[in-house]
Every structure is written in structure tokens, then in C-alpha cells.
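Here are the chains, one letter per residue:
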Amino acid sequence: MSIHAALSLLLEEYANAKSQAFAKNPMADILRVDIPNAIAAVVSDPFRYEVDGSPGKGRWADIPWIAVLDRLKTETAQQGYYLVYLVNDDCSGIYLSLNQGVTTVRQEYGASTKHALSTRAMDFAARLGSLTKGLHCGPIDLGVKSGLGADYQQGSICAVFYPRTTLPTEEVLVADLQRFLGLYRHLVENESSLYGRTETEDDEVGLEPENLKRLREHKRIERNRKLAQKVKKLHGYTCVACGFNFLKTYGSIGADFIEAHHLTPLSELQGDVVHLDPRKDFSVLCSNCHRMIHRSEFVNRVEEFRAKYIVKVKA
Ligand SMILES: [Zn+2]
Ligand SMILES: [Zn+2]
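Residues numbered from 1 in each chain as written. Chains lettered and ligands numbered in written order. Predicted model: local features only at pLDDT ≥ 70, side-chain atom pairs only at ≥ 80, totals over all residues. Heavy atoms only, no water.

Student: Teacher, can you tell me more about the pairing of strand β3 (residues 81-87) here?
Tutor: Regular strands show a simple pattern: their side chains alternate between the two faces of the sheet. Most of β3 is tucked away: seven of the seven residues are buried. Judged by which residues are buried, β3 turns out to be covered on both faces: Tyr81, Leu83, Tyr85 and Val87 on one side and Tyr82, Val84 and Leu86 on the other are all buried. Direction of pairing for strand β2 (residues 65-70) relative to β3: antiparallel, over a ladder of four bridges. Across the sheet, residue Ala67 finds its bridge partner in β3, namely Val84. Bridge count between β3 and strand β4 (residues 93-100): seven bridges; the pairing is antiparallel. Looking at β4, one finds that Val87 is bridged to Ile94. Here β3 hands over to β4 after five residues, with Cys91 in that stretch at a positive phi of 60°. (Buried < 20%, exposed > 50% of the residue type's maximum accessible area, 1.4 Å probe, protein only. Helix = DSSP H or I, 4+ residues; strand = E, 2+ residues; numbered from the N terminus. Pairing = 2+ DSSP bridges.)

Here it is in C-alpha cells:
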């Protein structure tokens, strides 16, 4: 199904579906499966981007959504920022919006949540600068006054609106999605330098700002929980460099413990595509080897690291 066909179906049928029972309604699966699949086909980087759609939980949502999440930035639609398609209340159209997760902002700001969301949205838009040219920046109008939808209205960083009666062609929808993915990537890649942590870890001392940014990007890739779990399942729990196994040495407290190491050289991280295939782009190392490989000249070459530092030392 094309994005055009999927969104048309959603806008034509959602209002009607809402008047019917939620359980086993085909519209729920269109939101959970068909539309995310159509979007995922364009995004075409399943290890980095996750596409989720929600018709509501147990009952119809006032504002159904389909989100594109960058795993480098966020693991759920409750936090961070991401792309999201939002149907407005009367189904007269749908927004594609670069928007913010609401749950963690609510926990932090309570009654001031809307104010915090709109302030943060302005800050994000300022960082995008002229890249948002021609887009709608600031609050959007979903036609709701309360609930999650109202927070999404304030959280929008930039957006484009597609009226049901004049839904653009597939080419335009795809081009817009790709443009928004570019904006999303721009924010994620430039964030670490702007909102960098203030505390410095041991392996970061003395690095040039550009190298520090890359090292932190590398760590962020490796610390993504879902991705790291997949890497460990595929590569096992024994250090590829030295053969150390936490379970063997420490017993049950060491079960399933190992560190994921991303194999892209740090110098190449500064590009627009970071590959995150758990099988090809990662290895697993014990904590010592992981620290040491980063200090060595073989950051992305585990075999050579092993040959020089492990095999030789033991011989
Ligand atoms: Zn090791
Ligand atoms: Zn690493």
C-alpha cells in the first residue's frame, strides 16, 4: 500500500470506525500495521528507525498517530522527539509533524507542561534555522482542548498539513517524509555538542571538541538498550578479543553481561548515514577490552587488536 492510499483510507474511514466497537476493528490494524509498513518502506533503515502506529489502547484514541522513532534518540514515543503523523479531531486532514514525547515532559513540568513544550519547540526550530523554510513552525491545531492531543499541539517543532480533500500525490508525500527525516537527523546529530553532558569521563579527557562529539555519538549508539540486546543475542556473551566470559568467572551475576561495540570508525561517524545492523556493524567485548580498543589504533578492527594486544601479551 502506498502512503497516499494508506492516509486516504485513514482520513475517509476513521470517523466512521470510531462509532463502531474497537475490538477486532480492521481500522485498528490499518493504523498498527498497514500505515507503518508503507512509511517504513520509504524510511528503509529498519535498524535505526522504528515506525509505530496507535489507534488507542482498549478504546479509540481522539488523535490517532503514526510515529517514526530514531533509535539513537529515543526508544518510545513517550520521550525525546520524533516524526509523527497526527489526524485532527474531525478527520479533515493530517499533519506530518516533528514533535516531542510528552510523558517525560509532564513528569518534569507538571502544570507547566504546555508552556515547556512550546518553549522547547521554539528552541528546536531555532536550531534548524532556515532548514524549516516554508514549513509551519510553532503550535498546530488538531481541534482539541485537552489530553495528549492538546500537548501534541504545543509540542510541534515544525509541520506540514494535508487536507483530506486535497491530499498530495505519493511523490509529494514521500519527498516531505524524506525532508522531515533530514530535519530529524540534523537535530539528533547536532544535539550532543549543544546539549553535551558537563561531566567528562576518563576516556574523554583531552579530546578535541570534534573527537569528543564523535566518541559520545559512538557511546550513544552502543548504549541504545534495544539495539544492544539484539547485538548480544546475535554475537553471544564471550569477549571476541580475549575470550572473557562474565558468567564463567562471576557465576549468575555475570549472566548475559557483555558490552556491544560499534564498528564504524569514529572518524566516519560524521556523515548522514550511520549503519546499525546488529550483525554486521557490531561486535561484543568485555569491559576491559572495550576501554582498551578505544585507546588503541584498531577501534574498528577487533582481530588486529586481538593479534597485537591479546595474543602477543599472552605468548
Ligand atoms: Zn576482552
Ligand atoms: Zn565501542
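Student: Can you help me understand the domain arrangement of the protein chain in this one?
Tutor: Accessible area lost on assembly of the parts is the figure often given for the size of an interface. Each assigned domain of the protein chain is listed here: domain 1 (3-189) and domain 2 (200-314). Of note, the centres of domain 1 and domain 2, computed from C-alpha atoms alone, are 34 Å apart. Across the domain 1/domain 2 interface, buried area totals approximately 1300 Å², and carbon plus sulfur atoms make up 45% of it. The three residues of domain 1 that bury the most area against domain 2 are Phe47, Leu72 and Glu75, which together make up 49% of that side's buried surface. Here domain 1 is connected to domain 2 by one salt bridge. Taking the shortest distance from any N to any O, the salt bridge between Glu50 and Lys226 comes out at 3.7 Å. (Domains from an automatic or database assignment. Buried area = accessible area lost by both parts, 1.4 Å probe. Salt bridge = Lys/Arg side-chain N within 4 Å of Asp/Glu carboxyl O.)

Student: Please clarify how the sheet that holds β2 should be interpreted in this entry.
Tutor: Neighbouring strands of a sheet are bound in pairs by backbone hydrogen bonds; such pairs are parallel or else antiparallel. The strand order across the open sheet built from six strands is β1-β2-β3-β4-β6-β5, with neighbouring strands paired in antiparallel fashion. Edge positions in the sheet fall to β1 (49-54) and β5 (136-137), since each of these pairs with one other strand and no more. Running over the sheet, helix α4 (residues 113-128) touches β3, β4 and β6 (158-163) and is turned about 85° from β4. (Contact = heavy atoms within 4.5 Å. Axes fitted to C-alpha atoms, helices over the stretch in contact; angles between N-to-C directions.)

Student: Is there a simple way to think about the packing of aromatic side chains in this case?
Tutor: In this description, an aromatic ring pair is defined by two values, namely the gap between the centres and the angle between the planes. The final tally for this structure, using the stated rule, is twelve aromatic pairs. Taking the centre distance of 4.7 Å and the plane angle of 55° together, the rings of Tyr81 and Phe124 count as tilted. Placement of Tyr81 in strand β3 and of Phe124 in helix α4 is noted, with a sequence separation of 43 residues between them. Exposure class is identical for Tyr81 and Phe124. Each is buried. Site record: aromatic cluster; members linked through ring pairs are Tyr49, Tyr81, Phe124 and Tyr184. (Phe/Tyr/Trp six-rings, centres within 6.5 Å; stacked < 30°, edge-to-face > 60°.)

Student: For this particular structure, what's the right way to read the coordination of the zinc ion (ligand 2)?
Tutor: Six octahedral donors at a metal ideally form angles of 90 or 180 degrees, and four tetrahedral donors ideally form angles of 109.5 degrees. Surrounding the zinc ion (ligand 2) are the protein donor atoms His218 (NE2), Glu222 (OE), His261 (ND1), His290 (NE2) and His294 (NE2), at 2.1 to 2.2 Å. All donor residues of the zinc ion (ligand 2) come from one chain, and their arrangement in sequence is H-x3-E-x38-H-x28-H-x3-H. Within this pair, whereas His261 is found in strand β7 (residues 259-262), its partner His294 is found in helix α10 (residues 287-295), the two being separated by 33 residues in sequence. Residue classification places His261 among the buried positions, given a relative accessible area of 0%. (Donors = N, O, S within 2.8 Å, 3.2 Å for Na, K, Ca; no water.)

Student: What am I meant to see in the side chain of Asp70 here?
Tutor: On the secondary structure map, Asp70 appears in strand β2. Residues in contact with Asp70, not counting those within four places in the same chain, are Arg48, Tyr49, Tyr184 and Val188.

Student: Please explain the coordination of the zinc ion (ligand 1) as it appears in this structure.
Tutor: Only Cys239 (SG), Cys242 (SG), Cys286 (SG) and Cys289 (SG) from the protein coordinate the zinc ion (ligand 1), and they sit 2.3 to 2.4 Å from it. Around the zinc ion (ligand 1) sit four donor atoms, and with donor-metal-donor angles ranging over 106 to 115° the site reads as tetrahedral. Summarised as a motif, the one-chain spacing of the donors to the zinc ion (ligand 1) is C-x2-C-x43-C-x2-C. One end of the pair, Cys239, is in the loop between α8 (225-235) and α9 (246-250); the other, Cys289, is in helix α10, and 50 residues separate them in sequence. This pair shows no difference in class: Cys239 is buried, exactly as Cys289 is. (Tetrahedral: all angles 85-135°; square planar, octahedral: opposite > 155°, others 65-115°.)

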